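Okay, here's what each chain looks like letter by letter:
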Amino acid sequence: MKKINLKIGTLSVLVSLCTFSVSADTLLIHAGKMLVGVEQAVKQQQTIVIKNDKITAIEAGYLTKEQLNLTDATIIDLKNQMVLPGLIDMHVHLTFERDTKRNPHQWLTEYEADDALRSLKYLKRTVDAGFTSVRDLGSRYQVIFPLKRAIERGDIPGPRIFAAGDMITPTGGHADMHGYRRDVSQAIGGGLGVCNGADDCTRAVRDVIKSGADVIKITATGGVLSNTAAGVNQQFTDDELTAIVNTAHHLGRPVTAHAHGTEGIKAALRAGVDSIEHGSFLDIDTVKLFKKQDAYLIPTLLAGATVKQEVLENPNMPKAIADKVEFVAPKMEASFKLALKNKVKIAFGTDSGVSKHGDNAKEFELLVNYGMTPKEAIKSATVEAAKLLGQSEHLGDLSVGKQADIISVNMNVLDNISELRNVRFVMKGGDVLKQ
Ligand SMILES: [Zn+2]
C-alpha cells in the first residue's frame, strides 16, 4: 500500500493524490458522535488516537496534537459525523456477481484470472460501503486466497477477508456443477470440495484447508440457485456431516452450513456446525436445537428479496430455479422472526454476489423491518459477527487495543438505519480507504 507522509499537507489534498489509501504513523479522529460499541450510549465530541493499525486511546473532547503530545499526528475532522465500528458481512461471494445477461458460456471460456480481475471492483465497492471485514463463503479455483493476500499486502483495496475457498458438497449437490452434459460438467468440475462418503469428505475438508481455507462452508441441503430440480432438503448423510465437522474442528476451522430445509438444518446442527446460512424453514424444534448447540443463524434476507425480484423480471430463469425461489423466499421472513423471538444468536450476512456487491447495508433495513431494533441489527454486524469469526479480541467495537476499523455516517443510525447505506468515511486497520 502506498504510504504517504501526511505532515506535508492537509488530509483532503493528499487523499486525492493517493490511489486509494492514506496512512500515517499517528492519526487523530475528532468524532462528533461516536458509537464505541452497541452496548454503550452514543458519546459526543471524542478524540480517537490511532497508531499504525490500532486504536491506542479515546479521549473526551476535541484534543489537539499539543495536548496529546503527538505533534507529528494528522487530524481527521469528523466533527459533523457519527463514527462507528467497521461493519462485518459474514456471507459474501466476492469473486462473482449474479448477472442475468451474462454470456451463458462464460464457464467454458474463462480463466481463473477472469474471476480475480472481475473481483477488484467488488472488493472496492464492499469496503467503500463500510464493510471492513467479510467472510467469503465460496469461490472457484482458489481465487479468493490470492485476492486476500493482495489486500493484506496493500496491493489492492478491499475488506479483510476470512475465506472458505471451495465449498464442500456431495456429487450433484448444491455447489457441484449443473446444467451441462455430464462430461462437460466433470471437465469444469465442482472443485476440491466435491465428496461422497465420510472418508472422502474427510479428504475434501483437509484438501480445502490445505488450499488456504479459514472456515469450512458446506452445502448441507439443496439450494435455490443451482440449476437442478433437487429441492432444498438434506443432501449429506449424517455420517458425512459428522466426518466434515470433526475433521474441520480438529484442524481448528469453524464450519458453516448452507441449509434451507428443516431436516437438513437439524442434521447439520446435530453434527455440530457452528452456524447455519439462510435457515429458511425453521420450526420451534429447530430453534431449540440452535440454542442447545449454541449455533448462530445468518439469515441472508437480502438474498431472498433479490431472487424473489428476479423471478418477476427474468423470463429466462431456469424453471428448476424459479420453482425453488417461489417455494423458499416467502418462508425466510417468518423463520427469521421465529429465531429472533426465541433469541437465537444472529450474525449479519447478505450472500452478496446474489445481490450487488456494495449494497450489503440493505440487509440492515430488512432486519429492522422484520423486527430487530437498529441496535440489534448493528450488533449482528459488529460484536456478534466478530464473535463468530473468533476475532472479538481485534474486531467488533471501537475500544482501545482493537483494530482501527472505523466508519462514519452523516446522521444517527440508531434513529435511521438506512443511513448505513451512505457511509462517508472508511478506515481499515488505520488506513483511510474512503474520505
Ligand atoms: Zn452464498
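What counts and what doesn't
Residues numbered from 1 in each chain as written. Predicted model: local features only at pLDDT ≥ 70, side-chain atom pairs only at ≥ 80, totals over all residues. Heavy atoms only, no water. Donors = N, O, S within 2.8 Å, 3.2 Å for Na, K, Ca; no water. Helix = DSSP H or I, 4+ residues; strand = E, 2+ residues; numbered from the N terminus. Buried < 20%, exposed > 50% of the residue type's maximum accessible area, 1.4 Å probe, protein only. Pairing = 2+ DSSP bridges. Axes fitted to C-alpha atoms, helices over the stretch in contact; angles between N-to-C directions. pLDDT = per-residue confidence, 0-100. Contact = heavy atoms within 4.5 Å. Parallel < 35°, antiparallel > 145°, perpendicular 65-115°, else oblique. Nonpolar A, V, L, I, M, F, W, Y, C, P; charged D, E, K, R; others polar. Disulfide = S-S within 2.5 Å. Polar contact = N/O pair within 3.5 Å; in protein donor to acceptor, adjacent residues only side chain to side chain. Salt bridge = Lys/Arg side-chain N within 4 Å of Asp/Glu carboxyl O.

The name given to the protein chain in an unreviewed UniProt entry is Imidazolonepropionase, with Pseudoalteromonas lipolytica as the source organism.

Examining the coordination of the zinc ion
Bound to the zinc ion are the protein donor atoms His91 (NE2), His93 (NE2) and Asp351 (OD), situated 2.0 to 2.2 Å from the metal. Sequence spacing of the donor residues for the zinc ion, all on one chain, is H-x1-H-x257-D. Of this pair, His91 sits in strand β5 (residues 87-92) while Asp351 is found in the loop between β12 (345-346) and α12 (362-369), placing the two residues 260 residues apart along the sequence. Each of the two residues, His91 as well as Asp351, counts as buried.

Notes on the sheet that holds strand β6 (residues 131-136)
The three strands are arranged β5-β6-β7 in an open sheet whose pairing can be described as parallel. Here the strands that pair on one side only, and so sit at the sheet edges, are β5 and β7 (160-163). On average, each strand axis in the sheet is tilted by 20° relative to the strand beside it, whichever way the strands run. Strand direction decides the pairing type here: β5 and β6, joined by four bridges, are parallel. Bridge assignment links Ile88 to a residue of β6, and that residue is Ser133.

What about unusual backbone geometry?
Within the chain, Thr300 stands out as a residue other than glycine whose phi angle is a positive 45°. Inspection of the secondary structure assignment puts Thr300 in the loop between β11 (296-298) and α10 (301-313). Among the residues examined, Thr300 registers a relative accessible area of 0% and is labelled buried.

So, the confidence of the model for the protein chain
Looking at the protein chain, the pLDDT average stands at 90 and 92% of residues meet or exceed 70. Across residues 1-23, where pLDDT falls below 50, the model places 45 contacts with residues more than four positions away in sequence or in other chains.

Things to note about the packing of α10 against α12
When two helices pack together, their arrangement is given by the angle between the helix axes and the distance between those axes. In contact at an axis separation of 8 Å, α10 and α12 are set at 100° when each is read in the N-to-C sense. When the axes of α10 and α12 are compared, the pair comes out roughly perpendicular. Across the interface between the two elements, Leu301, Leu302 and Ala305 of α10 pack against Lys362, Glu363, Leu366 and Leu367 of α12. Residues of the contact of α10 with α12, tallied by class, amount to five nonpolar, no polar and two charged.

Focus on the state of the cysteines
One pass over the full model with this rule turns up one disulfide. Residue Cys195 pairs covalently with Cys201 via a disulfide, S to S 2.3 Å. Residues Cys195 and Cys201 share a disulfide whose torsion about the S-S bond is about 90°; that sign makes it right-handed. By relative accessible area, which is 0% here, Cys201 ends up buried.

Considering the side chain of Ser119
Relative to the helices and strands, Ser119 resides in helix α3 (residues 112-128). There is a polar contact of 3.2 Å between the side chain of Ser119 and the backbone oxygen of Leu94. When neighbours within four sequence positions are excluded, Ser119 is seen to be in contact with Leu94, Thr95 and Leu147.

Quick notes on the sheet that holds strand β9 (residues 255-259)
Taken in spatial order, the five strands of this open sheet run β8-β9-β10-β11-β12, and their pairing is parallel. Pairing within the sheet leaves two strands with one partner each, and these edge strands are β8 (216-219) and β12. Judged from the two bridges that link them, β11 and β12 form a sheet pairing that is parallel. Bridging across to β12, Tyr296 finds its partner in Lys345.

What about the pattern of salt bridges?
Opposite charge on two side chains allows them to pair when their charged atoms are near. According to the stated counting rule, one finds 22 salt bridges in the structure shown. Arg118 is the salt-bridge partner of Glu110, the closest N and O atoms lying 2.4 Å from each other. As a salt-bridge pair, Lys266 and Glu263 come within 3.8 Å of each other at their nearest N and O atoms. Remark: Glu263 and Lys266 occur in helix α8 (residues 262-271); sequence separation between them is three residues, near one turn of the helix. Judged by its relative accessible area of 13%, Lys266 falls in the buried class. Given a relative accessible area of 49%, Glu263 falls into the partly exposed group. Sharing partners across several salt bridges, the network here consists of Glu110, Asp115, Arg118 and Arg140.

Considerations on the environment of Glu365
Position of Glu365 among the secondary structure elements: in helix α12. The exposure class of Glu365 is buried, given its relative accessible area of 18%. Measuring from C-alpha to C-alpha, the distance between Glu365 and Leu301 comes to 9.8 Å, with 64 residues separating the pair along the chain. Filtering out sequence-adjacent residues up to four positions away, Glu365 remains in contact with Ile417, Ser418 and Arg421.

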